[in-house]
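# Residue-level structural notes
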There are 2 protein chains.
Amino acid sequence: MFSKACEYGIRATVQIALQSEKGLRIGLKEISNAIDSPEPFTAKILQQLAKNDIIISSKGPTGGYEMSSNQLSTIMLSDIVKTLDCDLIYTGCGLGLATCDAKNPCVLHFQFDDIREQLKKMLENTSIQQLARSRESGDTLLRL
Amino acid sequence: MFSKACEYGIRATVQIALQSEKGLRIGLKEISNAIDSPEPFTAKILQQLAKNDIIISSKGPTGGYEMSSNQLSTIMLSDIVKTLDCDLIYTGCGLGLATCDAKNPCVLHFQFDDIREQLKKMLENTSIQQLARSRESGDTLLRL
DNA sequence: TAAATAAAGGACAAAATTATCTTTTATTTT
DNA sequence: AAAATAAAAGATAATTTTGTCCTTTATTTA
Ligand code: FES
Ligand code: FES
């Protein structure tokens, strides 16, 4: 469904959010450890997320990654997916045709579009903070 | 969403169904032409579909691919996706964790599972024949 | 200001997916 | 039976995605 980059990106961002809610920064090593991801690959992903103002990075000692309270309250899953997966899910044809267009639909268009709309809604309505908090409260061992 | 192999597989199968409804076989070259796919890659995919009894292949002159009337009436999109994409959509964790398990869910599990169930239903309720016929009637330029 | 720390950036490598090419096997027609 | 046809099978190649390594840049602390 999502690329590896996107999967790691979501998991990493939730981890960052989790620390930011406590007012703490978290470094690359800790993130990779926490979410069990390859460290240098994760670094690349975090760079992209920082460039797109989804997280904030700081260099030097005490440096690391964090999210502003504004980011915490506004960043949605869809922002991460769009950044890392080039919103292909949003615009591409389910059968791989060059364009997806309701005026010139493929045989699967209407079925596919229905699912895509629901996925879209889910991604746009799920905030990182929400995921972090569900982890935090952790009634049911919500993993990362 | 789907792999290229799966996209070509669906498009090719619909094309075969379209001919089979007219009682005709169709060869690899014609299929690749019709759906605009790389010929040898398409051949590999058709081999897999034939092995899994989704289509029937015959060698020699007048050979080619076809679907039995039984296949035409029973094969669903889900059969093709399972064959070519190893039902990852069906069983894998949306965040890429090793397992997806409601008893030990990831932070996205319940949101993701909801979408997945709907996708599953769509794939299991959409037959190849249905797609072929919508193409055939073609009120709205339904592409392949 | 120097040393230490941590991310950024760029080059490189491995793996997986997609795509191609060649030879073999099965079937039909002559 | 021989020739022609078309898919199967297997080897090979290109591309994309994933993953690693090394050097540079920015920041903090001593
Ligand atoms: S045209 Fe294929 S999904 Fe829209
Ligand atoms: S555990 Fe992640 S989607 Fe089910």
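Residues numbered from 1 in each chain as written. Chains lettered and ligands numbered in written order. Predicted model: local features only at pLDDT ≥ 70, side-chain atom pairs only at ≥ 80, totals over all residues. Heavy atoms only, no water.

## Quick look at the packing of helix H5 (residues 77-85) of chain B against helix H7 (residues 109-125) of chain B
All names here are of chain B.
- For the pair H5 and H7, interaxial distance at closest approach is 5 Å and the crossing angle is 115 degrees. On the basis of the axis angle, H5 is roughly perpendicular to H7. Residues Leu77, Ser78 and Val81 of H5 touch H7, and the partners they reach there are Met122, Leu123 and Glu124.
- Of the residues contributing to the contact of H5 with H7, the split by class is four nonpolar, one polar and one charged. (Axes fitted to C-alpha atoms, helices over the stretch in contact; angles between N-to-C directions. Helix = DSSP H or I, 4+ residues; strand = E, 2+ residues; numbered from the N terminus. Parallel < 35°, antiparallel > 145°, perpendicular 65-115°, else oblique. Contact = heavy atoms within 4.5 Å. Nonpolar A, V, L, I, M, F, W, Y, C, P; charged D, E, K, R; others polar.)

## Structural notes on the protein's contact with DNA strand C
- Neighbouring DNA strand C are 24 residues; Lys44(A), Ser57(A), Tyr65(A), Pro38(B) and Pro61(B) lie closest to it.
- Each atom of DNA strand C within 4 Å of the protein was assigned to sugar, phosphate or base; sugar and phosphate come to 64%.
- Taking Lys44(A), its side chain carries an N or O atom lying 2.5 Å from a base oxygen of DNA strand C.
- Between DNA strand C and Pro61(A) there is a distance of 3.4 Å, counted from a base oxygen to a backbone nitrogen or oxygen. (Near = heavy atom within 4 Å. Polar contact = N/O pair within 3.5 Å; in protein donor to acceptor, adjacent residues only side chain to side chain.)

## Details of helix H3 (residues 39-51) of chain B
Residue and element names in this part refer to chain B.
- Taking 1.5 Å of rise per residue, 13 residues should cover 18 Å, and H3 covers 18 Å from first to last C-alpha, within 8% of that figure.
- Along H3, the residues classified as buried are Thr42, Ala43, Ile45, Leu46, Leu49 and Ala50.
- The inward-facing, buried residues of H3 abut helix H1 (4-20), helix H2 (28-35), strand S1 (56-58), strand S2 (64-66) and H5.
- Directly beyond the C-terminal end of H3, a positive phi value near 60 degrees is found at aspartate 53. (Expected span 1.5 Å × (residues − 1). Buried < 20%, exposed > 50% of the residue type's maximum accessible area, 1.4 Å probe, protein only.)

## Notes on the interface of chain B and chain A
- Contact with chain B, which involves 38 residues of that partner, is made by 38 residues of chain A.
- Both faces combined, the contact of chain B with chain A buries some 3500 Å², and carbon together with sulfur accounts for 65% of it.
- Applying the counting criterion to the chain B and chain A interface returns zero salt bridges.
- The interface formed by chain B and chain A includes eleven residue pairs in polar contact (both at pLDDT 80 or more).
- When contributions to the side of chain B that touches chain A are tallied by element, the ones reaching two or more residues are H1, H7 and helix H8 (128-137) of chain B.
- The residue inventory of the side of chain B that touches chain A, partitioned by class, reads 21 nonpolar, ten polar and seven charged. (Buried area = accessible area lost by both parts, 1.4 Å probe. Salt bridge = Lys/Arg side-chain N within 4 Å of Asp/Glu carboxyl O.)

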